[in-house]
Amino acid sequence: MGRIVGTALAVIGVILGTAAGPTTGPDPGDRPPARVSPGIGWGACPADVAAPGLRCGTLAVPVDQARPDGPTTTLGLSLARATGPRRGTIVVNPGGPGGGGMWLADQVHRALPEQVRRQYDIVGVDPRGNHHSDPISCVDPSFDRAPRPDPVPATPQDEQRLVERARGYAQGCAERAGELLPHLGTLENARDLDLVRAALGETRISFIGWSYGTYLGAVYGQLFPERVDRMILDSIVDPSPEQVWYGSNLRQDIAFQGRWRDFVAASGADLDEVFTRALAGVRAHPAGGRVGPAELSDIATRALYSSSGWPRLADALRAYDRHDQDPLVALFAPPTARDANGAAIYTAIECHDGPWPRDWSVWDRDTRATDRIAPLTTWTNTWLNAPCAFWPVPARAPVRIDGHELPPVLLIQGTRDPATPPAGAHALHRALPSSHLISVLGEGDHGILAFQPNACVLTAAAAYLTDGTLPAGRDTTCEAT
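So, here is what we can say about the structure in this document. The structure displayed is predicted, hence computed values, not measured ones.

**A few points about the side chain of Ser 240**
Inspection of the secondary structure puts Ser 240 in the loop between strand 6 (228–236) and helix 7 (246–267). A polar side-chain atom of Ser 240 sits 2.6 Å from a polar atom in the side chain of Asp 238.

**Overview of the pattern of salt bridges**
By the definition in use, this model includes 30 salt bridges. Across the salt bridge formed by Arg 148 and Glu 295, the nearest N and O atoms sit 3.7 Å from each other. Linking Arg 148 in the loop between strand 4 (120–126) and helix 4 (156–176) with Glu 295 in helix 9 (residues 293–304), this pair joins segments that are 147 residues apart in sequence. A salt bridge links Glu 273 to Arg 277, with the nearest nitrogen and oxygen atoms 3.9 Å apart. Linking Glu 273 with Arg 277, this pair stays in helix 8 (residues 271–284), spanning four residues, or about one helical turn. In this structure Glu 273 comes out as exposed when scored by relative accessible area, which is 53%. One continuous salt-bridge network, built from bridges that share partners, spans Arg 87, Arg 204, Asp 229 and Arg 230.

**Describing the state of the cysteines**
Applying the stated criterion across every chain, the model contains four disulfides. Each sulfur in the disulfide pair Cys 138 and Cys 173 lies 1.9 Å from the other. Taking the sign of the S-S torsion, 105° for the link of Cys 138 and Cys 173, the bridge is right-handed. On the criterion of sequence distance, the pair formed by Cys 138 in the loop between strand 4 and helix 4 and Cys 173 in helix 4 is long-range, its members being 35 residues apart. For the pair shown, Cys 138 and Cys 173 are each scored as buried.

**Observations regarding the packing of helix 9 against helix 10 (residues 310–321)**
Close contact between helix 9 and helix 10 brings their axes to 9 Å; oriented N to C, the two are set at 150°. Comparing the axis directions of helix 9 and helix 10 gives the class roughly antiparallel. Both helix 9 and helix 10 take part in a crossing whose hand is left-handed. Counted together, Leu 296, Ile 299, Ala 300, Ala 303 and Leu 304 of helix 9 and Trp 310, Leu 313 and Leu 317 of helix 10 form the full contact between these two elements. Residue classes in the contact of helix 9 with helix 10 are distributed as eight nonpolar, no polar and no charged.

**Details of the sheet that holds strand 4**
With respect to topology, nine strands assemble into an open sheet ordered 1-2-4-3-5-6-7-8-9, the strand pairing being mixed. Looking along the sheet, the strands with just one partner apiece sit at the ends: strand 1 (55–62) and strand 9 (475–479). The average undirected angle you get between the axes of adjacent strands in this sheet is 20°. Sheet topology places strand 8 (residues 435–441) next to strand 9; five bridges connect them, and they run parallel. By the bridge assignment for strand 9, Leu 441 is matched with Glu 479. Lying over the sheet, helix 5 (residues 186–199) contacts strand 1, strand 2 (72–80), strand 3 (88–93), strand 4 and strand 5 (205–211), oriented at roughly 120° with respect to strand 1.

**Digging into the pairing of strand 2**
Taken across its nine residues, strand 2 has seven buried, putting it largely inside the fold. One ladder, built from eight bridges, connects strand 1 with strand 2; its direction is antiparallel. By the bridge assignment for strand 2, Cys 56 is matched with Ser 78. Examined bridge by bridge, strand 2 and strand 4 share five bridges and lie antiparallel to one another.

Thresholds applied
- Residues numbered from 1 in each chain as written.
- Predicted model: local features only at pLDDT ≥ 70, side-chain atom pairs only at ≥ 80, totals over all residues.
- Heavy atoms only, no water.
- Helix = DSSP H or I, 4+ residues; strand = E, 2+ residues; numbered from the N terminus.
- Polar contact = N/O pair within 3.5 Å; in protein donor to acceptor, adjacent residues only side chain to side chain.
- Salt bridge = Lys/Arg side-chain N within 4 Å of Asp/Glu carboxyl O.
- Buried < 20%, exposed > 50% of the residue type's maximum accessible area, 1.4 Å probe, protein only.
- Disulfide = S-S within 2.5 Å.
- Axes fitted to C-alpha atoms, helices over the stretch in contact; angles between N-to-C directions.
- Parallel < 35°, antiparallel > 145°, perpendicular 65-115°, else oblique.
- Left-handed = near helix turned anticlockwise from the far one by under 90°.
- Contact = heavy atoms within 4.5 Å.
- Nonpolar A, V, L, I, M, F, W, Y, C, P; charged D, E, K, R; others polar.
- Pairing = 2+ DSSP bridges.

Okay, structure coming up:
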């Protein structure tokens, strides 16, 4: 899965956060005291997370969970406290894989209805190796300096150079991530989540996960079903072993091509040709010296996560077609150290969670076949994940999800979501006998609950969280807003 999933949700959160309005209820100073959390010292938050009333802390967890008395790594956590009598704690995860979650606690706290805010503490966690949790890196900042190499190889020599670039990235992770690298994966994140539960002093926790966070929630529920109170999984990845994660990425390429067609239909039929000309133009001369074909692919893909970005993308492409490259360059965000950390943790989790072909000819065959029907993202997505062909840590067998002993779970899925196509939601729905699925008809924006103003979804989620009421029947629908 593309590593901008968590970032895309953060961007949507910024767009919609003010619309959610300020938290109502008592001022933070008047709230009931937080439950004592053994092992977590709550205090001020880092500047990039800080929000009124939000508290932050750290928790030391074993690097190797089979050696609980061995070396530790630190998790960063955030806490948005309930405004009234608590019924429990909701831990939130935005996806990624490995995306930081400390920022999300405040966003979710403000977006959920008052009756939910009154009853629940909301806790965000930066998973191990990410951002405020002992961040790892794999390469120097110059590795992703724009413009990056063209992702579509014109010759066998071009492809081999990109293969060697991927091999070098994997080697950089082996050299720089140290003892943490073999202990980065969804299993570790799920076990860390249970250590967070214990440190919070909770017998059971509730969980809301988006995108990759739905897989984390499913694995946590598989390992610790008796410790789940309520669980909402939104924009769902396919947990089937054959999809984790090689198959999932190929399926995602096809879905993004479909969402591109939605964008063109909504924004103007001329944009297919306009984009083709733009791609040829930046391939010959990167716009502003920075936006080449790789960056243009990133810009287009990012816009397809949320239709709120479609008008600006359409305007920028048409402006470029009129020889004005400034609007297109303005859409490009130069990579930061945090982006490099996000790429490293994404790669470490994806490569460890399941098997990947070690024979490059398999990648080449599958990429070329997919590119013929879905050229927008296929080669870019291949190179994003190509280090897994050379990963220094042996891949594990994916966790098999069967939902045994799991209490009722609420699933939410947009029917046009390209990042997590609906087939994933149906697969998880089949795997979890206790699940109830809300399909949001016509919705293609990634991340619905707390990120899209969908009253139907919000009402159903609030009823489930506050008193356990679920939609009638295992399958129901809401309309996109």
